[in-house]
Each structure stands twice: as C-alpha cells, then as structure tokens.
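# A structural walkthrough
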Amino acid sequence: MSTISDTPMPAPLLSVVDDVAPGRWIAISSLDASRSVGLASGATVERLTAALFGVLPISAATATPLIGWLADPGDDASIDAFYTVQGTARDAERRTFEMLSLTAVPDDAWHAVDAVITVDAPQDFVFFVCVGGREPHTVVDLLRERVTLAA
C-alpha cells in the first residue's frame, strides 16, 4: 500500500510551495495554457498530490480550501482526478472537507493564485488549494469579482 511519505517532494516544487503565504492559493493544472506560466511537475496528478499534501498545510480558515474545475465532469478519468485530489488532501490533513466544484473557471480566479503547478494528464482540469500554515490568517477570496474603475 502506498502512503503519502512514499513520494518525496522535488526541491524546485518544495521551494515554490514554501513561498506561498497562508491564505493565498496554488493551482494544480493540466491546461496547456498554464504550462507557460507554471512549474511543470513532470508527474501525474496522483503522484503530485501524494508529494504535495505531505508538505503543504491546507487552510483551516475557510470552509472551502479546495476548489476544482473539470472540463468534462462526466469523464471517468476527470472524476478520478477530482476525488484523488480531495481524498489525498483529506488523508494528509486528517480532517473532512468537500471540494467545491466550479462549472467554469472565472478569469478573476487567477488573481489570488501565487503558484501554478502543472501535471501530465490528457484531461483538462484545475484544482485550487488554499495554503494554510500560520494561524490565524486571512484567506484571499479566490472567486471575488474584480471591479474596474473608470478614470
């Protein structure tokens, strides 16, 4: 049986994760567009989450520290990825929480994302994880709408 400690976190990923402040967000993405701005993990979502959630504290300051989007919510492999992220995070944190599911990724969601980690997958998905750690901390609202003021 595999355990979270079986997959060590590579140093470059550890450095990226360590730089994200509590209350901010990271994204785990398979989208082609994220590959140019993100750090490639070179791993599947299963291997990445096994390593990531062993070292990344998840925020307890929000009821929805995990938010997911699947391009095809009816695809079995996409659903497996969704539950892999949620289940691995639950196991690592030893607490119960549900992943909020988005029907679309709002453009403004990226304002609070400090790091994008890409994974190898044929399915399109993005999982947002609110970083914990130092308590208390203020969680940046990932889904807030930006207001553009005219000059």
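Refer to the structure above for everything that follows.
This section reports on the structure supplied with the text. The structure presented is a predicted model; accordingly, all values stated were derived computationally and were not measured.

Once that is clear, we can look at the environment of Arg35. Looking at the element boundaries, Arg35 is found in the loop between strand 1 (25-29) and strand 2 (39-40). By relative accessible area, which is 32% here, Arg35 ends up partly exposed. Taking the C-alpha atoms as reference points, Arg35 and Thr118, 83 residues apart in sequence, are found 6.2 Å from one another. Arg35 has contacts with Ser30, Thr118, Val119, Asp120 and Ala121, leaving out every residue within four places of it along the chain.

This paragraph deals with the packing of aromatic side chains. For the structure on display, the rule yields four aromatic pairs. Ring geometry for Trp110 against Phe128: centres 5.3 Å apart, planes inclined by 65°, an arrangement best described as edge-to-face. Residue Trp110 is located in the loop between strand 4 (100-102) and strand 5 (113-118), and its partner Phe128 is located in strand 6 (residues 125-130); the two are separated by 18 residues in the primary sequence. Overall, the relative accessible area of 32% leaves Trp110 in the partly exposed class. Phe128 gets classed as buried once you look at its relative accessible area, which sits at 0%. Through a chain of ring-to-ring contacts, three or more aromatic side chains come together here, namely Phe82, Tyr83, Phe125 and Phe127.

To continue, consider the pairing of strand 5. Most of strand 5 sits inside the fold, with five of its six residues counted as buried. Sheet topology note: the strand 2/strand 5 ladder contains two bridges and is parallel. Residue pairing for strand 5: Ala40 is matched across the bridge by Thr118.

A separate point is the environment of Glu46. Its location among the elements puts Glu46 in helix 2 (residues 45-55). Sequence separation of Glu46 and Thr84 is 38 residues, and the distance between their C-alpha atoms is 6.5 Å.

Before going further, it helps to examine the sheet that holds strand 5. Reading across the sheet, the six strands line up as 2-5-1-6-3-4 and stay open at both edges, with mixed pairing between neighbours. Among the strands making up the open sheet, the edge pair consists of strand 2 and strand 4. Taken strand by strand, helix 2 contacts strand 1, strand 5 and strand 6, and its axis lies near 155° from that of strand 1. The strands touched by helix 3 (residues 76-93) within the sheet are strand 3 (66-70), strand 4 and strand 6, with strand 3 carrying the most contacts at an inclination of about 170°.

We now examine the nonpolar core. In terms of nonpolar packing, the biggest core is built from 27 residues, with Ile26 and Phe127 touching the most fellow members. Where this core is concerned, the elements lending two or more residues are helix 1 (11-18), strand 1, helix 2, strand 3, helix 3, strand 5 and strand 6. With residues near it in sequence (within four places) discarded, Phe127 still touches Ile26, Ala27, Ile28, Val45, Ile67, Gly68, Leu70, Ala81, Phe82, Val85 and Met99. Grouped together as the second largest cluster of nonpolar side chains are 14 residues, Trp25, Ile67, Val126 and Cys130 included.

This next bit is on the pattern of salt bridges. A full pass over the atoms with the stated rule returns three salt bridges. One salt bridge in this structure joins Asp114 and Arg24, with 2.7 Å as the shortest N-O distance. Of this pair, Asp114 sits in strand 5 while Arg24 sits in the loop between helix 1 and strand 1, and the two are 90 residues apart along the sequence. Arg90 is the salt-bridge partner of Glu98, the closest N and O atoms lying 2.2 Å from each other. Residue Glu98 is classed as partly exposed on the basis of its relative accessible area of 49%.

About the criteria used
- Residues numbered from 1 in each chain as written.
- Predicted model: local features only at pLDDT ≥ 70, side-chain atom pairs only at ≥ 80, totals over all residues.
- Heavy atoms only, no water.
- Helix = DSSP H or I, 4+ residues; strand = E, 2+ residues; numbered from the N terminus.
- Buried < 20%, exposed > 50% of the residue type's maximum accessible area, 1.4 Å probe, protein only.
- Contact = heavy atoms within 4.5 Å.
- Phe/Tyr/Trp six-rings, centres within 6.5 Å; stacked < 30°, edge-to-face > 60°.
- Pairing = 2+ DSSP bridges.
- Axes fitted to C-alpha atoms, helices over the stretch in contact; angles between N-to-C directions.
- Core = buried A, V, L, I, M, F, W, Y, C linked by side-chain atoms within 4.5 Å.
- Salt bridge = Lys/Arg side-chain N within 4 Å of Asp/Glu carboxyl O.

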